[in-house]
Amino acid sequence: MAASRTLSQPAFSRKSPIGRSGVLTLSGYGIKVRMQCGHLEIDDGIGPERRRIRLARVGHGLKRLVIIGSDGFISLAALQWLADQDASFVMLERDGKVLATTGPVRPSDAKLRRAQALAYSSGVALHISRELISKKLVAQEEVARDKLLDTLTADTIARFRADLPSADSISTIRLIESQAARAYWSSWSTLPINFPKNQLPRVPAHWLSFGARVSPLTGSPRLACNPPNAILNFLYSLLEAEARLSAASLGLDPGLGVLHVDTANRDSLACDLMEPCRAAVDAYLLEWITKQLLNREWFSEQRDGNCRLLADLAACLSETAHIWRRHVAPVAEWVARALWSTIRRPDIAFATRLTQNNKRAAKGSPAQLPFKRLPTQQNMCLVCGKPIDRSHRWCAECAQKNSTAALIDGARLGREIARGPQAQARRMETKRRHDQARSQWTTNSRPGCLTEEIYQKQIRPQLRTASLSQIAAAIGVSIPYASDIRRGRRRPHPRHWQALAELVEVMGEKR
């Protein structure tokens with residue numbers, strides 16, 4: 001999912017190593033996180049492109065330390081420093097698997113853990129599973145209807161959601177969710193993926209559409225074969241890490257799930273908490289790939305066809321972790337409260353440590369809501385892929401080339417139209433009309449005072465004050481011919497002198 005940095009990627013350069021969201025992402029080889037003279041000292045990168053960061057205990061702004069890869073070390077003192085600063089640590093494998101998470105953890109509550117372990121026997125597991133999948137299908141229906149503009153798929157998901165209240169087992173809920181997911185992802189399959197024009201020769205054909213959510217390499221979403229699925233897998237990994245941290249901070253066991261079956265090396269409860277939030281990740285990706293381009297330099301293709309994100313793109317995506325934390329926090333608190341309600345005589349009310357909604361309610365403030373406006377990625381030139389302002393479509397160099405090409409194409413098109421049969425017919429009709437007018441006109445038809453000398457000395461100089469459209473309308477000629485008359489390049493037929501004299505007289509009265 002994420003590969004080491006092998007190509008220059010200036011589109012994601014940042015002045016500060018820590019983003020506004022407080023996320024610091026490390027990648028490369030020989031990563032070192034250790035304490036030096038009371039400071040957290042960090043080394044990462046690859047080859048000569050190394051960086052060193054020193055963070056003091058005050059004013060650092062670090063909330064999440066994300067490491068992509070497993071080559072390097074982090075000392076126990078560094079982990080203690082992160083714990084003291086209430087900063088979380090997330091370690092991701094290069095294929096997107098969550099290897100480890102640590103963060104502010106609430107001491108284990110025996111009553112809550114016991115209620116979590118007895119969730120199946122108490123019946124609360126069925127209630128939690130039904131509610132989680134119901135929220136997920138509501139969000140997927142909204143994405144299909146509002147983002148994908150696929151009313152048929154949205155109605156299909158709504159029909160599956162209507163079957164949830166009658167589901168009497170968790171296996172039935174899983175079946176409904178899988179059927180809805182099949183319809184949901186089928187509407188994504190033909191979604192086009194756009195790259196800059198100059199990069200298309202280097203883009204594999206199967207990268208130009210979203211394709212199937214299931215990878216042909218594994219028969220599952222793991223090891224994606226194209227960029228959008230690789231991005232989606234990475235964002236899901238961030239969401240899973242936030243779900244783990246949320247469950248642990250509430251005193252729950254992330255491994256004891258209710259909807260997902262128990263599996264080795266998987267935190268089933270974290271996967272449960274992810275379900276209602278997946279559609280928010282989908283909407284973020286959909287908003288990105290439908291409005292902006294992807295850059296070929298952000299991805300690498302392994303020998304087996306696996307598509308990996310390069311390090312700088314992964315670091316940029318990691319800065320969205322705080323968004324998914326806001327989405328998963330109320331879900332985790334709702335699940336913990338549902339488990340807490342099965343305790344026969346709870347001593348105290350359940351605390352909302354993640355959202356602080358109890359404290360907000362006491363102060364009369366509204367409850368914390370997830371982010372509605374998601375961040376957008378760097379806008380790129382449609383031709384070469386260079387980063388540009390959002391108000392532009394091309395960089396300066398490509399805009400100049402496009403303007404030149406547009407002028408050449410416009411001139412060619414104009415010549416083709418001018419030589420076309422319709423233009424020829426109009427010219428022939430105009431010529432016949434003027435020939436007929438000249439043949440019917442005689443010298444006697446002209447007033448005696450309108451001589452050529454009068455035209456040259458009195459009428460033509462005054463034509464400079466008239467517009468080309470006025471001259472053309474007065475004598476029934478084209479704009480270019482009117483321009484030649486006004487400049488003196490052409491002398492109009494004597495039958496037009498009277499009309500031009502009247503026009504000059506009218507212009508003189510207006511002055």
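Every residue gets a number counted from 1 within its own chain, in the order that chain's sequence is written. Only residues with pLDDT of 70 or above have their local features reported here, since the model is predicted, and side-chain atom pairs are shown and tallied only from 80 upward, although totals for entire chains, interfaces and linings are computed over all residues. Here the side-chain values reflect all heavy atoms present in the structure, with hydrogen atoms and water set aside.

Student: Which residues make up the sheet that holds strand β3 (residues 39-46), and what values go with them?
Tutor: Taken in spatial order, the four strands of this open sheet run β4-β3-β2-β6, and their pairing is mixed. Each edge of the open sheet carries a strand with a single partner, namely β4 (49-55) and β6 (72-74). Taken over all neighbouring pairs, the strand axes of this sheet differ in orientation by 20° on average, direction set aside. By this definition, two strands are paired if DSSP reports at least two bridges between them. In this text, helices come from DSSP runs of H or I with a minimum length of four residues, and strands from runs of E with a minimum of two, each type numbered from the N-terminal end. Pairing of β3 with β4, which is carried by seven bridges, proceeds in the antiparallel orientation. Residue pairing for β4: I46 is matched across the bridge by E49. Here, axes are lines fitted to C-alpha atoms. For helices the fit covers the stretch in contact, and angles between N-to-C directions go from 0 to 180 degrees.

Student: Outline helix α6 (residues 170-186), listing residues and values.
Tutor: A helix is expected to span 1.5 Å for every residue after the first. The end-to-end C-alpha separation of α6 is 24 Å, in line with the 24 Å expected for 17 residues at 1.5 Å each. Among the residues of α6, I170, I173, I176, E177, A180, A181, A183, Y184 and W185 are the ones counted as buried. Summarising the contacts, the buried residues of α6 are in contact with α3 (119-122), α4 (124-147), α5 (151-162), α7 (227-249) and α9 (278-291). Burial status follows relative accessibility: with a 1.4 Å probe on protein chains alone, a residue under 20% of its type maximum counts as buried, one over 50% as exposed, and anything between as partly exposed. Residues count as neighbours in contact if any of their non-hydrogen atoms are within 4.5 Å of one another.

Student: Which residues make up the pairing of strand β7 (residues 88-92), and what are the values?
Tutor: With respect to burial, β7 is a largely interior element, four of its five residues being buried. Note that strand β5 (residues 64-68) and β7 share five bridges and pair parallel. If you follow I68 over to β7, its bridge partner there is L92. Direction of pairing for β7 relative to strand β8 (residues 98-102): antiparallel, over a ladder of four bridges. Within the sheet, the bridge partner assigned to M91 lies in β8 and is A100.

Student: Just give me the short version of the pattern of salt bridges, but keep the residues and values in it.
Tutor: Basic side-chain nitrogens of Lys or Arg form a salt bridge, by our definition, when they fall within 4 Å of a carboxyl oxygen of Asp or Glu. Scanning the model with the defined rule gives 29 salt bridges in all. A salt bridge links E242 to R64; the shortest N-O distance between them is 2.7 Å. Taken together, the residues E242 in helix α7 and R64 in strand β5 connect sequence positions 178 residues apart. Across the pair, R64 and E242 agree in class, each one buried. Ionic pairing is found between E240 and R244, a salt bridge with its closest N-O pair at 3.7 Å. Of this pair, E240 and R244 both sit in helix α7, four residues apart, which is roughly one turn of the helix. The buried category is assigned to E240, whose relative accessible area is 10%. Salt bridges linked by common partners bring R34, E41, D43, R52 and R54 together as one network.

Student: Could you give an account of the confidence of the model for the protein, with specific residues and numbers?
Tutor: Averaged over every residue, the pLDDT of the protein is 84; residues scoring 70 or more account for 89%. Counting interchain partners and residues more than four positions distant, the pLDDT-below-50 stretch residues 4-15 has 28 contacts. As a per-residue quantity, pLDDT reports the predictor's confidence and falls between 0 and 100.

Student: Let's hear about the packing of aromatic side chains: which residues, and what values?
Tutor: For Phe, Tyr and Trp, where Trp contributes only its six-membered ring, two rings pair if their centres lie within 6.5 Å, and the inter-plane angle classes them as stacked under 30 degrees, edge-to-face over 60, or tilted in between. Scanning the model with the defined rule gives twelve aromatic pairs in all. Cluster of aromatic residues (ring-pair linked, three or more members): F195, W207, Y284, W288, W298, F299 and W324. Throughout this description, the term charge over a ring refers to an Arg CZ or Lys NZ atom that lies within 6 Å of the ring centre and within 35 degrees of the ring normal. A cation sits over an aromatic face here: R213 above W185, 5.5 Å from the ring centre. The residue whose ring lies beneath R278 is Y236, and the NZ or CZ to ring-centre distance is 4.7 Å.

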